[in-house]
Amino acid sequence: MNSKYVSFLFLFFTSLIFAQKTEYNFLSIADSLKDNANAVIRLNQIDIIISSQRNMNVITKRVVTVLNEKGLDAIDAVESYDKRTTIKNIEAAVYDAFGKEIKKIKRKDFKDQSAVGGGTLFSDNRYLYLDYTPIQYPFTIVFDSEIETSTTAFIPEWYPLNSYFVSVEKSILNVKYPDKLGFKKMEFNFSNFKIEKILDTSTNLSYTATNILAQKQEDYSPVVNTIFPKLMMGLELFHLEGVDGNAKTWKEFGQWYSDKILLGTTDLPDETKMKVKALVGDEKDPIKKAKLIYTFVQQKVRYISIQVGIGGWKPMLASDVDRLGYGDCKALTNYTKALLDVVNVPSYYTILYGDRKKLNIQSEFVSMQGNHVILSIPNGDNYTWLECTSQDDPFGYQGIFTDDRKVLVIKPEGGEIVRTKVYEDNGNTQISKGSYTLTAKGDFSGKITLVSEGSQYSQKASIENLQPTEKEVHYKDYWGHINNLKINKISFYNDKDKISLTENIAVEAVNYGSLTSNKLIFVVNAFNKTNAYVKRIRNRKNPLEIQRGYLDQDEVSVILPGGFSVEYIPENYELSSKFGTYKTEIIKIDSSNVVYKRTLFIKKGLYSNKEYDEYRLFIEQISKNDNAKIILTPNL
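Note that this is a predicted model, so its numbers are computed, not measured. (Residues numbered from 1 in each chain as written. Predicted model: local features only at pLDDT ≥ 70, side-chain atom pairs only at ≥ 80, totals over all residues. Heavy atoms only, no water.)

**Re the overall build of the chain**
Within the chain one finds eleven helices and 36 strands. Buried positions account for 50% of the 636 residues belonging to the chain. Considering only residue pairs separated by 6 or more positions, the chain has 72% of its internal contacts joining residues 24 or more positions apart. Here the chain contributes 81 positively and 78 negatively charged side chains, and the mean placements of these two sets differ by 2 Å. (Helix = DSSP H or I, 4+ residues; strand = E, 2+ residues; numbered from the N terminus. Buried < 20%, exposed > 50% of the residue type's maximum accessible area, 1.4 Å probe, protein only. Contact = heavy atoms within 4.5 Å. Lys, Arg positive; Asp, Glu negative; His and termini not counted. Charge placed at Lys NZ, Arg CZ, Asp CG, Glu CD.)

**Focus on the sheet that holds strand β28 (residues 519-523)**
Strand order in the open sheet formed by four strands is β27-β28-β36-β31, with antiparallel pairing between adjacent strands. Sheet topology places β27 (514-516) and β31 (564-568) at the edges, where each strand pairs with a single neighbour. Between one strand and the next, the sheet's axes are offset by a mean angle of 35 degrees, whatever the strand orientation. Both β31 and strand β36 (residues 629-634) contribute to a ladder of four bridges, which runs antiparallel. Pairing of Ser565 across the sheet is with Thr633, part of β36. (Pairing = 2+ DSSP bridges. Axes fitted to C-alpha atoms, helices over the stretch in contact; angles between N-to-C directions.)

**Brief notes about the packing of aromatic side chains**
Geometry of an aromatic ring pair is reported as the spacing of the ring centres plus the angle between the planes. The final tally for this structure, using the stated rule, is 35 aromatic pairs. Between Trp250 and Phe253 the ring centres are 5.9 Å apart and the planes differ by 80 degrees, which places this aromatic pair in the edge-to-face class. Note that Trp250 and Phe253 are positioned in helix α4 (residues 250-262) at a spacing of three residues, about one turn of the helix. By relative accessible area, which is 10% here, Trp250 ends up buried. When its relative accessible area of 2% is taken as the criterion, Phe253 is described as buried. Ring centres of Trp479 and Phe527 lie 5.7 Å apart, and the angle between their planes is 70 degrees; on these two criteria the pair is classed as edge-to-face. In this pair, Trp479 is assigned in the loop between α10 (468-478) and β25 (485-495) and Phe527 in the loop between β28 and β29 (544-546), connecting sequence segments 48 residues apart. The pair formed by Trp479 and Phe527 is uniform in burial state, with each residue classed as buried. (Phe/Tyr/Trp six-rings, centres within 6.5 Å; stacked < 30°, edge-to-face > 60°.)

**Here's the deal with the state of the cysteines**
The tally for this structure, following the rule as stated, stands at zero disulfides. In this structure Cys329 is a free cysteine whose sulfur lies 9.5 Å from that of Cys388, the closest cysteine sulfur available. We classify Cys329 as buried; its relative accessible area is 2%. Cys388 sits in the buried class, given a relative accessible area of 4%. (Disulfide = S-S within 2.5 Å.)

**Details of the pattern of salt bridges**
All chains considered together, the criterion is met by 33 salt bridges. Lys604 is paired through a salt bridge with Asp404; the nearest N and O atoms lie 3.1 Å apart. Taken together, the residues span a long stretch of sequence, with Lys604 in the loop between β34 (593-602) and β35 (605-607) and Asp404 in the loop between β20 (382-386) and β21 (406-411) at a distance of 200 residues. Where Asp554 meets Arg598, a salt bridge forms, and the shortest distance between an N and an O atom there is 3.2 Å. Residue Asp554 is found in strand β30 (residues 550-559), and its partner Arg598 is found in strand β34; the two are separated by 44 residues along the sequence. Side by side, Asp554 and Arg598 carry an identical accessibility label, which is buried. Salt bridges linked by common partners bring Lys185, Glu187, Lys197 and Asp200 together as one network. (Salt bridge = Lys/Arg side-chain N within 4 Å of Asp/Glu carboxyl O.)

**With respect to unusual backbone geometry**
Cis rather than trans, the peptide bond between Tyr137 and Pro138 has omega equal to -10 degrees. As for its placement among the helices and strands, Pro138 is situated in the loop between β7 (126-129) and β8 (139-149). The backbone of Asn36 sits at a positive phi, close to 60 degrees, despite the residue not being glycine. Classification of Asn36 as partly exposed rests on a relative accessible area of 39%. A positive phi angle is found at Asn511, which is not glycine, with a value near 60 degrees. Inspection of the secondary structure puts Asn511 in the loop between β26 (500-509) and β27.

**Digging into the confidence of the model for the chain**
Summary statistics for the chain give a mean pLDDT of 92 and a share of 94% for residues scoring 70 or more. Note that pLDDT drops below 50 for residues 1-19; the model gives that stretch two contacts with residues more than four away or on any other chain. Here residues 118-123 is a poorly scored stretch, pLDDT under 50, and it has ten contacts once near neighbours within four places are set aside; other chains count. (pLDDT = per-residue confidence, 0-100.)

**Regarding the sheet that holds strand β4 (residues 85-95)**
The strand order across the open sheet built from eight strands is β5-β4-β8-β2-β1-β9-β12-β11, with neighbouring strands paired in mixed fashion. The two strands at the open ends of the sheet, each matched to only one other strand, are β5 (101-105) and β11 (195-200). Going from strand to strand, the sheet's axes swing by 10 degrees on average, the running direction of each strand aside. Inspection of the sheet shows strand β2 (residues 55-66) paired to β8 by eleven bridges, in the antiparallel sense. Paired with Val64 across the two strands is Ile141, which belongs to β8.

**Points about the layout of surface pockets**
In this structure, the second largest pocket encloses a volume near 1,200 Å³. Taken together, 36 residues line the second largest pocket, and the ones lying closest to its centre are Gln456, Gln459, Asn531, Ala532 and Tyr550. When contributions to the lining of the second largest pocket are tallied by element, the ones reaching two or more residues are α9 (455-461), α10, β29, β30, β34 and α11 (612-626). Per element, the largest residue contribution to the lining of the second largest pocket is four residues, and it comes from α9. Here the lining of the second largest pocket is built from residues that sort into 14 nonpolar, 13 polar and nine charged. (1 Å grid on protein atoms, 1.4 Å probe; cavity = no way out; pocket = protein on both sides within 12 Å on 5 of 7 lines; lining within 4 Å. Points joined across faces, edges and corners; volume = space filled by probe spheres on them. Nonpolar A, V, L, I, M, F, W, Y, C, P; charged D, E, K, R; others polar.)

**A word on the side chain of Arg598**
Residue classification places Arg598 among the buried positions, given a relative accessible area of 2%. In this structure the side chain of Arg598 is engaged in a polar contact, spanning 3.4 Å, whose partner is the backbone oxygen of Asn528. Among the polar contacts made by the side chain of Arg598, one reaches the side chain of Asp626 at a distance of 2.9 Å. Once you skip the residues sitting within four places of it in the chain, Arg598 turns out to touch Asn525, Asn528, Thr530, Asp552, Gln553, Asp554, Tyr582, Lys583, Thr584, Ile622 and Asp626. (Polar contact = N/O pair within 3.5 Å; in protein donor to acceptor, adjacent residues only side chain to side chain.)

**Let's talk about the environment of Lys489**
Turning to its location among the elements, Lys489 is positioned in strand β25. For Lys489, a relative accessible area of 53% corresponds to the exposed category. When residues no more than four places from it in sequence are discounted, the contact partners of Lys489 are Asn504, Ile505 and Ala506.

**Observations regarding the nonpolar core**
In this structure, Ile48, Phe110, Trp158, Leu173, Phe253 and Tyr257 are the most contacted members of the largest nonpolar core, which totals 73 residues. Per element, the largest residue contribution to this core is six residues, and it comes from α4. Sequence-distant contacts of Phe110, defined by excluding residues within four places in its chain, comprise Ala77, Ile90, Glu91, Ala92, Ile105, Leu128, Tyr129, Leu130 and Phe143. (Core = buried A, V, L, I, M, F, W, Y, C linked by side-chain atoms within 4.5 Å.)

**A look at the pairing of strand β1 (residues 39-52)**
Examined bridge by bridge, β1 and β2 share twelve bridges and lie antiparallel to one another. Counterpart to Ile50 in the pairing with β2 is Met56.

Right under this line is the structure:
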């Protein structure tokens, strides 16, 4: 080969290597970190510098190799800002699979968006985010940012791993703080991960996590916060919303919050005060007065979604909500509290984690927590809880967004950790009663009444407000096992005093029963077949959690076609386990009438990973029996 040509190739590849970031080369990732991964966090370094009670800087460097489209969320290139938080730096760079830089992204290239749409009230609460569409996979994004804030009541939690199907090559946390602010920390779920504490002094803290393999998402697992590693941090001397704070206990924290954050936010116009006093009239019972006020709020104001913490921690003035007719959870809760104050009903601003999966305020760690606010009204030894963002919820009903979890009640005399309402398993009911007729061709027509209460009310109540076509889609999906289903009639009765929703549905379908060898065969349980699919998971790692139990009771009359006799009818069946009970009964009234009864009771609970297969088999047995068939033969 020509020596000049060899020299040229050497120079070409040498220059190419130096033009690349070899540490970002996709090929350098260990195979174990690619297994089950949609993205690999090459580096996630967070440096938190608390220079005083009123100043904190958070510097982030995040290097993410995205392996496929499902890994895009792992980029997480976003920062929020407001009048107390400044984004000092934000930029990114994109590299191809082999570490060659293909794009630089400057601050002006990030999208700047209001934290809430549709109003100017929160216009100073905004965020910058990277919206990048890749040309090909894999690719690597390097994200750098720095924010400066006067808010030190909330130190960002450290999550070495925070999502499924993402692996971590290295995650670093460095924290620097003055020794007189009462810095504190609390570790969770560190033991099963490669996390090393590098430094822990009166002014410095440092951790490094390495080679955390991607975790598969396993059905019926507890929430990520309770099984993945995290570190909570806080200060006993802190700053929030322009006010210094000092709290070592929840009582101190709640009193400070009441005196310094909520004070002065509940003033209302005289016209509104007169209106609600007239509305309440001579009523003396505080709960009945609260119910009148709650209805007034639902009719007057609407909810604008903005997460607690992004839109500040101090609620907007009640007078502004009254004038504008809208607000976020903080604003509407505070407004409702202000109205109750006018009619002498005590109520308390309450901070919690709102989510369909139950999440607790960490009661052992006094700090600013939560993402949602509701109102609590003392009612004897308990509380009545009000979800002030809903225009539809019944008074005092929590549903599955705020039920059964630890929350922080802010009282003038101090904070208190309490648990919200627990909807007991046997109170989460769906009681159904109906009938259907089968023709000689196997065609089916019937009607069913479903009455839902407890947490099952929450899961059903939204159906009433769907558009007609959406309702039809819902029921066709709910009864997906019935082919050729036609919905003839839908009506609802929503008893908000009893907190009970009644659904009345009339349906029909051709060929529900099948004619085989001159026999008519059909599944007797037409209306409430178990649709929970519990898949086999080999070597399951996570515990099994059933967050809410329930009770279903069904009674359905079946009118058989004339000219047929019953050849086979399934036997009555009972099943009992630690997870619940199941029972079916089929009663033959006469040659033309059968009654089908079914009861399914599921218990909530936390079980070990070893018990998962037992639960899977329990559900499989229920599903199998829910598919039991009656066989009819024609009379000769």
